[in-house]
Amino acid sequence: MSNHIAFIGVGNMGNPMAHQLVKAGKNVKVFDVSQDVIKIAKQSGLDVINSMEELLQGATTVISMLPEGKHVRSLYLGDNGILKKIPKDCLIIDCSTIDIETSLELGNAAKKIGINMIDAPVTGGVMGARIGKLNFLVGGSDEAVAIAKPLFDIMGQKILHAGTQGSGVGVKICNNMSLGISMIASAEALMLAKRLKMDVKKVHSIIKEASGNNWAMTNYTPLPNLTEGVPSNNKYRPGFSAAMMTKDLKLANDAAKSVDALTPLGKAALEIFSDFCNDGDSETDYSGISKKIGGDAWDYPFDPKGTD
């Protein structure tokens, strides 16, 4: 088999990322354990390989995009782990948002057998993946990052090199803790304006130009009809789900405990999002937290599962 990219995990994020590579002329073979995901991958025109051995044969790069650390650990380091089956001149790019410990364990195991590995979780969500505008938060050696750069340039718009291997997931955890907090803050501010019977659009436009602004307020507003192209305009269909935000906030909370860091707002954000998910809204875009914040004053179209 000719040299190719082995892409493992082609769900909501992995599928459009793989398509960006295909559009750029790359030879991409994909694999996933979910039959539903495989069906969608085949329908979308991706080259699905059913055998892991065939997938890895002749691969020059392995890209993984998996939900949690346990999945990454099982894939590479488990009883049937693929790490020892990967060609020695191959580069591993793990784009999963996982715990730092698992990322470092994988990186060290790869290094011992002479395989380059970098961690490269992304920001930008499904929308960014579909248009090739992701930001890659990268941890790894300068040499490995330079090898991966042409692929990052296809799938994304920015490569943010955080430091040595493991730094990418570290900065992603810190970033998403801040993001979860700021989304709740944005929802609180806008819903307060609504309860005060103010013009929410005007309040939003002023906050964007004032000291209370943040990324969520400007680019990913938690109330509809304030910003173009956001999930709140589409009945809160994800996007980036509340379940995924909750997972990332738990990673941040666990990391904080491991180094005795004080993160009271991060802890509160985790509790709020956890309650939201436990209420049955885990599949909602994370901007839908405004529904929980707004209470009886919140009255916007809501159909996150697309049943309408």
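What counts, and at which threshold
- Residues numbered from 1 in each chain as written.
- Predicted model: local features only at pLDDT ≥ 70, side-chain atom pairs only at ≥ 80, totals over all residues.
- Heavy atoms only, no water.
- Helix = DSSP H or I, 4+ residues; strand = E, 2+ residues; numbered from the N terminus.
- Rg over C-alpha atoms; globule rule 2.2 N^0.38 Å.
- Buried < 20%, exposed > 50% of the residue type's maximum accessible area, 1.4 Å probe, protein only.
- Contact = heavy atoms within 4.5 Å.
- Core = buried A, V, L, I, M, F, W, Y, C linked by side-chain atoms within 4.5 Å.
- Salt bridge = Lys/Arg side-chain N within 4 Å of Asp/Glu carboxyl O.
- Axes fitted to C-alpha atoms, helices over the stretch in contact; angles between N-to-C directions.
- Parallel < 35°, antiparallel > 145°, perpendicular 65-115°, else oblique.
- Nonpolar A, V, L, I, M, F, W, Y, C, P; charged D, E, K, R; others polar.

Topic: the overall build of the chain
Working step 1: Scanning the chain for helices and strands turns up 13 helices and nine strands.
Working step 2: Its C-alpha atoms give the chain a radius of gyration of 20 Å, within 12% of the compact-globule value 19 Å for 308 residues.
Working step 3: Across its three principal directions, the C-alpha atoms of the chain cover 65 × 45 × 35 Å.
Working step 4: Per-residue burial over the chain gives 50% buried out of 308 residues.

Thoughts on the environment of D119
Working step 1: Looking at where D119 falls in the secondary structure, it is placed in strand β6 (residues 116–119).
Working step 2: Along the sequence, D119 and I63 sit 56 residues apart, while their C-alpha atoms lie 9.9 Å from each other.
Working step 3: Once residues within four sequence positions are removed from consideration, D119 is found in contact with D94, S103, L137, V138, G139, G140, Q165, G166, S167, G168 and V169.

Examining unusual backbone geometry
Most peptide bonds adopt trans geometry, and most residues besides glycine take a negative phi value.
Working step 1: The omega angle of the peptide bond from P238 to G239 is 5°, so this bond is cis rather than trans.
Working step 2: Checked against the element boundaries, G239 lands in the loop between α10 (215–219) and α11 (242–258).
Working step 3: Residues other than glycine seldom take positive phi values, yet K197 does so here, at roughly 60°.
Working step 4: In this structure, K197 sits in the loop between α8 (167–195) and α9 (200–207).
Working step 5: Despite not being glycine, Y236 has its phi angle at roughly 65°, a positive value.
Working step 6: Position of Y236 among the secondary structure elements: in the loop between α10 and α11.
Working step 7: The exposure class of Y236 is buried, given its relative accessible area of 0%.

Quick look at the nonpolar core
Working step 1: Within the largest apolar cluster, 33 residues are counted, with the highest numbers of intra-cluster contacts made by F7, M17, I63, I93, F136 and F152.
Working step 2: Counting residues per element, the ones that place at least two in this core are β1 (4–8), α1 (14–23), β2 (28–31), α2 (35–43), β5 (91–94), α6 (125–130), β8 (134–139) and α7 (142–155).
Working step 3: Counting residues per element, this core draws most heavily on α7, which supplies six residues.
Working step 4: What M17 contacts, discounting residues up to four positions off in sequence, is F7, M65, C95, A129, L134, F136 and M155.
Working step 5: Residues F31, M52, L55 and A59 belong to the second largest nonpolar core, which totals 24 residues.

Observations concerning the pattern of salt bridges
Working step 1: The final tally for this structure, using the stated rule, is 11 salt bridges.
Working step 2: Ionic pairing is found between K85 and E53, a salt bridge with its closest N-O pair at 3.6 Å. Taken together, the residues span a long stretch of sequence, with K85 in the loop between α4 (69–77) and β5 and E53 in helix α3 (residues 52–56) at a distance of 32 residues.
Working step 3: With a relative accessible area of 42%, K85 lands in the partly exposed category.
Working step 4: The closest approach of N and O atoms between K247 and D248, which form a salt bridge, is 3.5 Å. Each member of the pair, K247 together with D248, is buried.

Here's the deal with the packing of α1 against α7
Working step 1: It is at 8 Å that the axes of α1 and α7 come closest, and there the two elements cross at 110°. For the element pair α1 / α7, the angle class is roughly perpendicular. For the pair formed by α1 and α7, the contact residues are M17, Q20 and L21 on the first element and L151, I154 and M155 on the second.
Working step 2: Of the residues assigned to the contact of α1 with α7, the class counts are five nonpolar, one polar and no charged.

In short, geometric facts, not functional conclusions.
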